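Letter by letter, the chains look like this.
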Amino acid sequence: MIYAALAEPARLAVVDLLAFGDVSPSELGAALDLPSNLLAHHLRVLEEAGMIRRTRSEADRRRSYARLVPSAFDLLNPAAGRRTLPAGRVVFVCTRNSARSQLAAALWTRRSPVPTASAGTHPADRVHRRAVTTARRHGLTLDAHRTAQLRDTLRPGDLVVAVCDNAYEELHDEPGQQPPLHWSVPDPVRTDTDDAFESAFTEIAARIDQLNPLVTNSQHTPAGDTPTRRATAPGS
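Just so it is clear, the structure is predicted and the values come from calculations on it, not from any experiment.

A. The overall build of the chain, seen in detail. If you tally the helices and strands in the chain, you get eleven helices and eight strands. Relative to its full complement of 236 residues, the chain shows a buried share of 54%. Taking the contacts inside the chain whose residues are at least 6 apart along the sequence as the reference set, 71% of them involve residues at least 24 apart. Approximately 11100 Å² of the chain is accessible, and the part contributed by carbon and sulfur atoms is 50%.

B. Up close: the sheet that holds strand β4 (residues 89–94). Read from one edge to the other, the open sheet built from four strands follows the order β5-β4-β6-β7, with strand pairing classed as parallel. The open sheet is flanked by β5 (116–120) and β7 (181–182), the only strands paired with a single partner. Across five bridges, the pairing between β4 and β5 is parallel. Within the sheet, the bridge partner assigned to V90 lies in β5 and is T116.

C. Seen up close, helix α7 (residues 129–137). Taken together, the buried positions of α7 are occupied by R130, A131, V132, T134 and A135. On the buried face of α7, the contacting elements are α6 (100–111) and α11 (194–211). Looking at the residues trailing α7, positive phi occurs at G139, about 75 degrees.

D. Main features of the nonpolar core. If you look at the biggest cluster of nonpolar residues, it comprises 69 residues, and the most contacted ones within it are L28, V90 and F92. For this core, the element with the most residues is α11, which contributes seven residues. Excluding anything up to four places from it in sequence, F92 contacts S101, A104, A105, W108, T116, A117, S118, A119, V161, V163 and W183.

E. Structural view of the pairing of strand β2 (residues 64–68). The element β2 is extensively covered by neighbouring structure, given that five of its five residues are classed as buried. Where strand β1 (residues 52–56) and β2 come together, five bridges link them in antiparallel fashion. The partner of R53 across the bridge, within β2, is R67.

F. Inspection of helix α4 (residues 36–48) at higher detail. For α4, built from 13 residues, the straight-helix expectation of 18 Å at 1.5 Å per residue is met to within 8% by its first-to-last C-alpha distance of 18 Å. Within α4, burial applies to L39, H42, L43, V45 and L46. Mapping the buried residues of α4 onto a view down its axis gives an arc of 160 degrees, with all of them on the same face. Exposed residues pointing more than 90 degrees away from the buried face of α4 are listed as S36, N37 and E48. Those residues of α4 hidden inside the fold are in contact with α1 (2–5), α2 (9–18), α3 (25–32) and β1.

G. Region of interest: the side chain of Q149. Examined against the element boundaries, Q149 turns out to sit in the loop between α7 and α8 (150–153). Take Q149: its relative accessible area is 16%, and that puts it in the buried class. At 3.5 Å, the side chain of Q149 forms a polar contact with the backbone oxygen of T121. Leave out the neighbours within four places in its chain, and Q149 touches A119, G120, T121 and P123.

H. How the structure looks around the packing of aromatic side chains. A full pass over the atoms with the stated rule returns three aromatic pairs. What links up through ring pairs into an aromatic cluster is the set F92, W108 and W183.

I. Main features of the environment of T109. Examined against the element boundaries, T109 turns out to sit in helix α6. Along the sequence, T109 and V90 sit 19 residues apart, while their C-alpha atoms lie 9.8 Å from each other. There is a polar contact of 3.0 Å between the side chain of T109 and the backbone oxygen of A105.

Calculation rules
- Residues numbered from 1 in each chain as written.
- Predicted model: local features only at pLDDT ≥ 70, side-chain atom pairs only at ≥ 80, totals over all residues.
- Heavy atoms only, no water.
- Helix = DSSP H or I, 4+ residues; strand = E, 2+ residues; numbered from the N terminus.
- Buried < 20%, exposed > 50% of the residue type's maximum accessible area, 1.4 Å probe, protein only.
- Contact = heavy atoms within 4.5 Å.
- Areas by Shrake-Rupley, 256 points an atom, 1.4 Å probe, with all protein chains shown as cover.
- Pairing = 2+ DSSP bridges.
- Core = buried A, V, L, I, M, F, W, Y, C linked by side-chain atoms within 4.5 Å.
- Expected span 1.5 Å × (residues − 1).
- Arc of directions from axis to C-beta.
- Polar contact = N/O pair within 3.5 Å; in protein donor to acceptor, adjacent residues only side chain to side chain.
- Phe/Tyr/Trp six-rings, centres within 6.5 Å; stacked < 30°, edge-to-face > 60°.

Now the structure itself:
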């Protein structure tokens, strides 16, 4: 059923966009120049095939986002023949820079040679205590007193990944800025339980495993190998 769903070029293009992050139907339609009724059909076919699922935005409850189901992504062997993103650094962003973005940067450091940083659009004074203990359970260390403001962190060549809906929707509408990649990871602070933080960590880890093969270090690109930057960023 999966291969039948992907036999249609438009659905394959949808999957290609979602390989990098979560995208709303309106953004997919604009990126692929598809009318809303035809896009709705393609999304329904992919959903019935178990390739994608849709979630509602935590920030703007009217918006929804399509995302790849991780197990379906595994079947696609994304590292083979897919477009890549060159990056000087990968900068993970959430609103407060107190949990999800901190955990993502710590995990990325463990799994990728591409440098990383984390920041917030409205950073808190300190990292959430459950984020610190969750990281510790997985052999990672977070500095509880170090949060950062996004505008003071960004450098030319950074690849920005918004790990929450609030930050993504805020940054997406900034004029003159390339929209970030988007991971719609539920905010564990809202529930404030160990299980919620562990669930966020697990989802972030899966997302990093998905993105890592697709990011190349723009500071160390081998001679004769020029990675292709996406003409339209996922989520734009």
